[in-house]
Amino acid sequence: MPVLQSQFHSTSHISLPRIGRTLPPVAVALGVRDLLRGLFAIFQGEGAVDRFESELREYFRVSHCCAVSSGKTAMVLILRALHDLQPGRDEVLIPAYTCYSVPSAIVRAGFKVRLCDLAPGTFDFDHDHLQRLMNNERLLAVVPTHLYGVPADVNKVRDMARQSGVFVIEDAAQAMGNEWNGTKLGTSGDVGLFSLGRGKCFSTVEGGVILTDNEPIGRAIARQMAETQAYDAAGCLKLALYAVALMVLTNPWFYWLPRSLPFLKIGRTEFDTGFSLARLSWLQAGLASGWQSRIAGLKQMRRRKIQDFIEEDIPLISSSTAEVPDLLRYPVLAKDAETKAMIVSRSDELGLGISGGYPESIDRIPELADQFDGECSYPVATETAARVVSLPLHSHVSTRDTTLISHLIHGRTVTDPMSTEDLLKILLLIILWCAAFAPLFPELVRDWIANSDNSHAFLVPFISLFLVWQQRELLHETPTVSSPFGGALLAASLLTYVVSSAGGLAFPARLAMVASLSGLAWFCLGGKKVRLLAFPLGILLFMVPIPYSLLSLVSGRLQLMATHISEKLISQCAIPVYREGNMLYFVQTQLEVAEACSGIRSIVSLTMISLVFCFMSRKGWWRKISLILAAIPIAIAANIVRVTGTGVLAHYFGDKVAKGFLHEFSGIVIFIFGFALLFSLFHFLNKGEANDLP
């Protein structure tokens with residue numbers, strides 16, 4: 001039996017709740033597209049559920065399939081249906097260590113729980129013990145469970161059960177889409193079930209599936225389904241909101257928040273029999289769209305993570321198959337209960353997503369104490385509960401996470417790349433930075449509002465944050481080492497800010513603000529991380545308004561150029577026009593190409609956008625330089641088109657087209673036109689790249 005021989009040294013300290021990137025033990029593989037499919041399924045109604053059930057029947061090659069609100073609901077309906085066929089039996093036999101949902105569903109259905117111990121080092125039944133327990137006239141069903149996706153020997157259990165007239169319910173709640181020896185798990189028993197809950201192999205937020213190829217059982221389940229209610233509108237709305245919350249809050253960068261709130265009870269296992277029974281809703285059926293290809297993709301992803309752990313020499317708990325099975329999580333037996341506690345505790349501090357599994361064997365659940373009354377002990381199940389840990393296998397687990405988990409499992413020293421204490425210190429410094437530069441913020445916003453040439457600045461902080469978000473995984477995997485050079489830059493920037501503010505020099509003070517933020521990042525995070533943040537920090541310079549004295553050197557020439565070229569183009573349209581300076585004179589009206597129409601606004605905005613495109617591109621430097629250089633002529637050309645178009649319209653409709661809403665609207669349209677040209681060039685230069693975005 002593979003056992004971890006980790007060595008840990010206990011330390012006494014008070015740890016703060018973790019803030020920062022934290023892996024959840026399991027994650028929900030739902031995206032915005034999946035949620036939209038779920039919402040659009042309202043137009044199909046029950047037809048969406050019928051389609052899902054039909055696809056399941058075809059895929060698993062069974063004659064009966066029912067989709068319900070949860071795996072627990074599936075278990076309840078199965079047990080009631082089996083009891084209709086065998087009314088004299090009211091006991092259900094399950095492994096003494098399994099998911100608490102199994103016994104809670106049995107109790108909810110009105111039956112008694114009976115337990116069988118595990119084979120050492122596995123989650124499967126001790127088959128010698130099981131054989132003895134089969135001799136029970138009140139036994140309705142036995143439930144082999146593929147816990148964490150580790151296959152149980154259902155065929156062996158089925159052979160025993162047939163001799164006693166006991167039904168076999170194959171619990172594949174954590175193994176949907178998995179196979180063993182060429183057989184799809186969930187199809188070997190008299191009836192099988194899957195869970196579609198959060199954290200399962202495939203999720204529709206909540207949900208369950210019942211499968212059977214047994215005609216009497218299928219008809220009995222159909223009768224139970226006919227008496228089961230559907231989700232109402234409020235229930236579907238709640239599911240939709242829950243889906244959005246899971247999509248966001250199971251992301252490692254946000255998971256720390258719900259995990260730190262004790263009233264949410266994140267990570268706690270509770271014995272709950274108060275759940276409702278319902279059929280699957282149209283929303284859940286819509287969320288399941290494309291489930292076959294999605295399951296295949298998720299299996300492939302998890303297989304890669306499994307192989308990573310195998311290469312790290314982390315021993316997997318034994319299964320009934322010699323081959324490594326498809327798993328939902330990677331279960332491991334620690335050396336003892338103390339080692340397990342230390343692994344889980346340290347994982348919580350580091351945000352590595354290692355779970356301690358179900359806290360007790362089933363016989364030790366307080367709510368079930370009256371059903372066992374010390375009638376038997378289950379030493380292997382008790383030991384398994386005390387020692388088992390499960391490692392995460394979802395898509396958020398990075399290569400660095402795998403390495404840290406391996407070091408922790410093997411008892412090596414693991415350093416938190418960014419502890420809660422470090423984050424709190426950085427947060428304090430950011431607060432102090434905001435307080436120091438607070439006098440600048442209102443002035444900046446006033447300038448952005450007052451001068452349309454600076455209107456793009458409102459977007460700059462959000463663009464910078466987006467670019468930082470795009471780099472989040474690389475930032476997480478890069479070590480954090482405080483740099484004194486960052487401190488020097490921060491000090492120099494603050495000094496520049498104080499001197500500039502005292503002298504009434506706004507522009508240097510604002511540049512010092514951006515420089516000080518770069519210095520703060522360099523000081524707190526170190527040079528390697530700042531190199532990743534260099535562009536997102538540098539783009540913040542675009543929110544600093546360029547002084548009018550500098551702009552006027554360029555804008556005047558741009559005005560005259562736009563006026564001159566527009567005059568030539570308008571003349572080509574057989575429209576009489578006369579130019580004098582930045583004025584265009586027509587027969588019935590005149591048009592001034594004002595400073596705001598110089599095109600400087602478009603030049604600055606499109607140059608910023610071209611730089612963002614360059615950052616997102618993975619092509620060579622000459623393509624990036626070409627894109628940046630193209631931004632200026634594109635902006636000038638777009639502005640000339642605007643001035644020419646305005647002149648033509650002014651000839652026919654008067655100067656009102658150059659004022660008010662129409663004038664502003666034309667500016668927006670022409671900017672979009674310039675952006676489209678720039679984006680087309682970006683796409684052309686990056687043609688053939690499989691994935692242009694980081």
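Heads up: these notes are all about the structure in this document. For clarity, every value in this text was computed on a predicted model and none was experimentally measured.

Summing up its helical and strand segments, the chain has 26 helices and 14 strands in all. Here the C-alpha atoms of the chain give a radius of gyration of 33 Å, more than 25% beyond the 26 Å that 2.2 N^0.38 yields for 694 residues. A total of 694 residues make up the chain; the buried ones form 50% of that total. Carbon and sulfur atoms make up 60% of the accessible area of the chain, which totals about 32,000 Å². Taking the 61 positively charged and 61 negatively charged side chains of the chain as two groups, their mean positions are separated by 6 Å.

This part covers the pattern of salt bridges. Evaluation of the coordinates by the stated rule reveals 15 salt bridges. Ionic pairing is found between Asp401 and Arg21, a salt bridge with its closest N-O pair at 3.0 Å. With a gap of 380 residues between them, Asp401 in helix α15 (residues 399-409) and Arg21 in the segment before α1 (32-40) connect regions that are remote in the sequence. Exposure remark for Asp401: the relative accessible area of 1% places this residue in the buried category. Residue classification places Arg21 among the buried residues on the basis of a relative accessible area of 3%. Asp34 is the partner of Arg37 in a salt bridge, and the nearest nitrogen-oxygen pair spans 3.8 Å. In this pair, Arg37 and Asp34 both sit in helix α1, three residues apart, roughly one turn of the helix. Of the residues examined, Asp34 reaches a relative accessible area of 11% and is grouped as buried. Salt bridges here are not isolated pairs; linked through shared partners, they connect Asp34, Arg37 and Arg294.

Attention shifts here to the sheet that holds strand β14 (residues 590-592). Ordered in space as β12-β13-β14, the three strands form an open sheet in which the pairing is antiparallel. Strand pairing shows two members of the sheet lacking a second neighbour, β12 (578-580) and β14, which therefore form its edges. Neighbour to neighbour, the strand axes of the sheet diverge by 20° on average, direction disregarded. Packing against the sheet, helix α23 (residues 548-572) makes contact with β12 and β13 (583-585), and its axis sits at approximately 20° to β13.

Using the criterion set out here, one finds 25 aromatic pairs in the structure. Between Trp253 and Trp469 the ring centres are 6.5 Å apart and the planes differ by 65°, which places this aromatic pair in the edge-to-face class. Taken together, the positions of Trp253 in the loop between α8 (233-249) and α9 (256-259) and Trp469 in helix α18 (residues 460-470) put the pair 216 residues apart, joining distant regions of the chain. Residue classification places Trp469 among the partly exposed positions, given a relative accessible area of 29%.

In this section: the pairing of strand β2 (residues 91-95). Burial of β2 is extensive: five of the five residues sit out of reach of the surface. As judged from the five bridges shared by β2 and strand β3 (residues 112-116), these two strands associate in the parallel manner. Within β3, the residue paired with Glu91 across the bridge is Lys112. At this point the chain moves from β2, through helix α4 (residues 101-109), to the parallel β3, and the crossover so formed is right-handed. Of the pairings in the sheet, the one linking β2 to strand β4 (residues 139-142) comprises three bridges and is parallel in character. Directly across from Glu91, in β4, lies its bridge partner Leu139.

For the rest of this paragraph, the subject is helix α11 (residues 291-311). Side chains that are three or four residues apart share a direction in an α-helix, a result of its 3.6 residues per turn. Between its first and last C-alpha atoms α11 spans 30 Å; for 21 residues at 1.5 Å apiece the expected length is 30 Å, and the two agree. For α11, every residue scored as buried is listed here: Trp291, Arg294, Ile295, Leu298, Lys299, Met301, Arg302, Lys305, Ile306 and Phe309. Residues of α11 that are buried sit in contact with α1, α2 (46-60), α10 (282-287), β10 (330-333), β11 (388-391) and α15. Backbone geometry just after α11 places Asp313 at a positive phi near 65°.

Moving on to the pairing of strand β8 (residues 191-195). With five of five residues buried, β8 lies mostly within the body of the structure. Burial along β8 is two-sided: the residues Val191, Leu193 and Ser195 and Gly192 and Phe194 are all buried. With three bridges joining them, strand β5 (residues 167-171) and β8 adopt parallel strand pairing. Along β8, the bridge assignment pairs Glu170 with Gly192. Note that β8 and strand β9 (residues 208-212) share four bridges and pair antiparallel. Counted as the bridge partner of Ser195 is Gly208 from β9.

This part covers the nonpolar core. Tyr97, Ile169 and Tyr330 are the most contacted members of the largest nonpolar core, which has 77 residues in total. Formed by 38 residues, the second largest nonpolar core is a distinct cluster that contains Val28, Phe194, Trp291 and Leu328.

What follows is about the environment of Ser482. Take Ser482: it is sitting in the loop between α19 (472-477) and α20 (484-502). Judged by relative accessible area, which is 46%, Ser482 ranks as partly exposed. Separated by 253 residues in sequence, Ser482 and Gln229 have C-alpha atoms that sit 60 Å apart. If we ignore the near neighbours within four places in the chain, the residues touching Ser482 are Phe523 and Cys524. Here the side chain of Ser482 touches Phe523 through a polar contact of 2.6 Å, landing on its backbone oxygen.

With that settled, consider the sheet that holds β2. The strand order across the open sheet built from seven strands is β1-β9-β8-β5-β4-β2-β3, with neighbouring strands paired in mixed fashion. Edge positions in the open sheet fall to β1 (64-68) and β3, since each of these has one partner strand only. Averaged over all pairs of adjacent strands, the angle between strand axes in this sheet comes to 25°, irrespective of strand direction. Lying on the sheet, helix α3 (residues 71-85) is in contact with β1, β2, β4, β5, β8 and β9; it crosses β8 at an angle near 165°.

The phi dihedral of Arg61 falls on the positive side, at around 55°, and the residue is not glycine. Relative to the elements of secondary structure, Arg61 occurs in the loop between α2 and β1. Judged by relative accessible area, which is 73%, Arg61 ranks as exposed. At Val205, a position not held by glycine, the phi torsion is positive, near 75°. Turning to its location among the elements, Val205 is positioned in the loop between β8 and β9.

Conventions adopted
- Residues numbered from 1 in each chain as written.
- Predicted model: local features only at pLDDT ≥ 70, side-chain atom pairs only at ≥ 80, totals over all residues.
- Heavy atoms only, no water.
- Helix = DSSP H or I, 4+ residues; strand = E, 2+ residues; numbered from the N terminus.
- Rg over C-alpha atoms; globule rule 2.2 N^0.38 Å.
- Buried < 20%, exposed > 50% of the residue type's maximum accessible area, 1.4 Å probe, protein only.
- Areas by Shrake-Rupley, 256 points an atom, 1.4 Å probe, with all protein chains shown as cover.
- Lys, Arg positive; Asp, Glu negative; His and termini not counted.
- Charge placed at Lys NZ, Arg CZ, Asp CG, Glu CD.
- Salt bridge = Lys/Arg side-chain N within 4 Å of Asp/Glu carboxyl O.
- Pairing = 2+ DSSP bridges.
- Axes fitted to C-alpha atoms, helices over the stretch in contact; angles between N-to-C directions.
- Contact = heavy atoms within 4.5 Å.
- Phe/Tyr/Trp six-rings, centres within 6.5 Å; stacked < 30°, edge-to-face > 60°.
- Right-handed = clockwise from strand over helix to strand, strands pointing away.
- Expected span 1.5 Å × (residues − 1).
- Core = buried A, V, L, I, M, F, W, Y, C linked by side-chain atoms within 4.5 Å.
- Polar contact = N/O pair within 3.5 Å; in protein donor to acceptor, adjacent residues only side chain to side chain.

Keep in mind these values describe shape, not function.
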